[in-house]
Amino acid sequence: HYFDKEFDFELDAIYKKLQKRESCFDTLTNLTLEKGFQDYGIIGKFREAVHLIEDADLPYDRSQMLMLRRHEKDYLLRKQTSYIDKLHKQADIFKTEIESISHPSRDTLLQSLVLYVRLFDRVTDLDKRIGYEPNQGITAQLNTVSSDIELSFSDIKRKTVKELDKKLSDAATVFTVLLIFGILLNILLVFIVTKQLGLPITNLSAQIQSSVKNNFRTARKIEIHNSMNEIGTLSKDFNLMLQTVKR
């Protein structure tokens, strides 16, 4: 059936879309887990690097670090790429300041700053792949394929309802034809049965009328085809009456 083949084809297409959606979802899940939250994942390591810089005993300008953290917070809240450039510029300024300070922990602090910027870049890269907005990155792919699946199911539902309505209509037509045929058949059977039952009665009535009209002189015996019903019994009684009259 054409509809069955089309239905199978659409189900195969939906199955492939579901596989793609599952792949997108797994990718999104893995990226989100890698990014982490608070003390976990890249965010956790990122926070550790920040604390190493903030807790360092090197006498640097704390306002430089506060400005760095401000750009970081602005990005994490707003997901605007302009704050990435601002953080990089502020990190370069901060790095130049640290390099100008002679202190035993200077190199350690510089390493922590480099790690901080590298982890921040990793977070921004993950955000880009995930998608800053619902229409970007892997999130957009997931939303698109989910919408396609929903539309495909709606289309199958519409076609199925249409096909079901057609089958119900065909079944109603067949039922109507069978009903009309059954009614006509019943009328024909009633006509045949009525004729079969009425014919002996008509013959019996004609014989009785003829016998009465001729004063039973030319009356003949009635042929009995079935002596088991009422008409047969009545015919026997009439024949018996004729014999009695003729005596």
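For the structure itself, consult the block above.
A few points on the structure. Remember, it's a predicted structure, so these values are computed and weren't measured experimentally.

1. Observations concerning the overall build of the chain
Alright, step 1. When its secondary structure is counted, the chain shows seven helices and zero strands.
Alright, step 2. Residue burial in the chain is summarised as follows: out of 247 residues, 28% are buried.
Alright, step 3. In the structure as shown, the chain presents an accessible area of about 17600 Å², 59% of it carried by carbon and sulfur atoms.

2. Some thoughts on the nonpolar core
Alright, step 1. Within the largest apolar cluster, 34 residues are counted, with the highest numbers of intra-cluster contacts made by Ile53, Tyr60, Leu68, Phe94, Leu113 and Tyr116.
Alright, step 2. Sorting the residues of this core by element identifies helix 1 (2–35), helix 2 (41–54), helix 3 (62–78), helix 4 (82–99), helix 5 (106–130) and helix 6 (137–213) as the ones contributing at least two each.
Alright, step 3. At ten residues, the largest contribution of residues to this core is made by helix 5.
Alright, step 4. When sequence neighbours within four positions are dropped, the list of residues in contact with Leu68 reads Leu87, Gln90, Ala91, Phe94, Leu113 and Tyr116.

3. Here we look at a nonpolar patch on the surface
Alright, step 1. A cluster of nonpolar side chains, Phe175, Leu179, Ile180, Ile183, Leu184 and Ile187, forms an exposed patch at the surface whose accessible area comes to about 610 Å².
Alright, step 2. Within the secondary structure, Leu184 is located in helix 6.

4. A look at the packing of aromatic side chains
Alright, step 1. Tallying each qualifying case throughout the model produces five aromatic pairs.
Alright, step 2. When the centroid spacing of 6.5 Å and the interplanar angle of 90° are considered together, the rings of Tyr75 and Tyr132 count as edge-to-face. Of the two residues, Tyr75 is situated in helix 3 and Tyr132 in the loop between helix 5 and helix 6; the sequence distance between them amounts to 57 residues.
Alright, step 3. Among the residues examined, Tyr75 registers a relative accessible area of 0% and is labelled buried.

5. Details of the packing of helix 2 against helix 5
Alright, step 1. For the pair helix 2 and helix 5, the least separation of the axes is 9 Å and the interaxial angle reads 150°. If you check the angle between helix 2 and helix 5, you find them roughly antiparallel. Considering the relative orientation of helix 2 and helix 5, their crossing is left-handed. Two secondary-structure elements touch here, helix 2 through Ile42, Ile43, Lys45, Phe46, Ala49, Val50, Leu52 and Ile53 and helix 5 through Leu109, Ser112, Leu113, Leu115, Tyr116, Leu119, Phe120, Arg122, Val123 and Leu126.
Alright, step 2. In the contact of helix 2 with helix 5, the residues fall into 15 nonpolar, one polar and two charged.

6. Quick notes on the layout of surface pockets
Alright, step 1. In this structure, the second largest pocket occupies an estimated 190 Å³ of space.
Alright, step 2. Forming the boundary of the second largest pocket are Lys35, Gly36, Phe37, Gln38, Ile43, Phe46, Arg47, Arg69, Glu72, Lys73, Leu76 and Lys79.
Alright, step 3. Of all the secondary structure elements, the ones that give two or more residues to the lining of the second largest pocket are helix 2 and helix 3.
Alright, step 4. Ranked by the residues each element gives to the lining of the second largest pocket, the list is headed by helix 3, at four residues.
Alright, step 5. Of the residues that constitute the lining of the second largest pocket, the class distribution is four nonpolar, two polar and six charged.

7. What to know about the pattern of salt bridges
Alright, step 1. In the structure shown here, the tally under the stated rule is 14 salt bridges.
Alright, step 2. Between Lys167 and Glu163 there is a salt bridge, and its shortest N-O distance comes to 3.8 Å. Here Lys167 pairs with Glu163, and both are found in helix 6, just four residues apart, close to one helical turn.
Alright, step 3. Put simply, Glu10, Asp155, Arg158 and Lys159 are held in one network by salt bridges that share partners.

8. Observations regarding unusual backbone geometry
Alright, step 1. The phi dihedral of Gln38 is positive, around 55°, even though this residue is not glycine.
Alright, step 2. Tracing the chain through its elements places Gln38 in the loop between helix 1 and helix 2.
Alright, step 3. Taking the relative accessible area as the measure of exposure, Gln38 reaches 45% and is therefore partly exposed.
Alright, step 4. Here Lys79, not a glycine, exhibits a phi torsion of approximately 55°, which is positive.
Alright, step 5. Structurally, the position occupied by Lys79 is in the loop between helix 3 and helix 4.
Alright, step 6. Its relative accessible area of 24% is what places Lys79 among the partly exposed residues.

9. Let's talk about helix 2
Alright, step 1. Taking 1.5 Å of rise per residue, the 14 residues of helix 2 would be expected to cover 20 Å, and the 20 Å separating its terminal C-alpha atoms lies within 8% of that figure.
Alright, step 2. Listing the buried residues of helix 2 in full gives Ile42, Ile43, Gly44, Phe46, Ala49, Val50 and Ile53.

The rules behind the values
Residues numbered from 1 in each chain as written. Predicted model: local features only at pLDDT ≥ 70, side-chain atom pairs only at ≥ 80, totals over all residues. Heavy atoms only, no water. Helix = DSSP H or I, 4+ residues; strand = E, 2+ residues; numbered from the N terminus. Buried < 20%, exposed > 50% of the residue type's maximum accessible area, 1.4 Å probe, protein only. Areas by Shrake-Rupley, 256 points an atom, 1.4 Å probe, with all protein chains shown as cover. Core = buried A, V, L, I, M, F, W, Y, C linked by side-chain atoms within 4.5 Å. Contact = heavy atoms within 4.5 Å. Patch = residues over 30% accessible without salt bridge, like charges linked within 9 Å, V, L, I, M, F, W, Y side chains within 5 Å. Salt bridge = Lys/Arg side-chain N within 4 Å of Asp/Glu carboxyl O. Phe/Tyr/Trp six-rings, centres within 6.5 Å; stacked < 30°, edge-to-face > 60°. Axes fitted to C-alpha atoms, helices over the stretch in contact; angles between N-to-C directions. Parallel < 35°, antiparallel > 145°, perpendicular 65-115°, else oblique. Left-handed = near helix turned anticlockwise from the far one by under 90°. Nonpolar A, V, L, I, M, F, W, Y, C, P; charged D, E, K, R; others polar. 1 Å grid on protein atoms, 1.4 Å probe; cavity = no way out; pocket = protein on both sides within 12 Å on 5 of 7 lines; lining within 4 Å. Points joined across faces, edges and corners; volume = space filled by probe spheres on them. Expected span 1.5 Å × (residues − 1).

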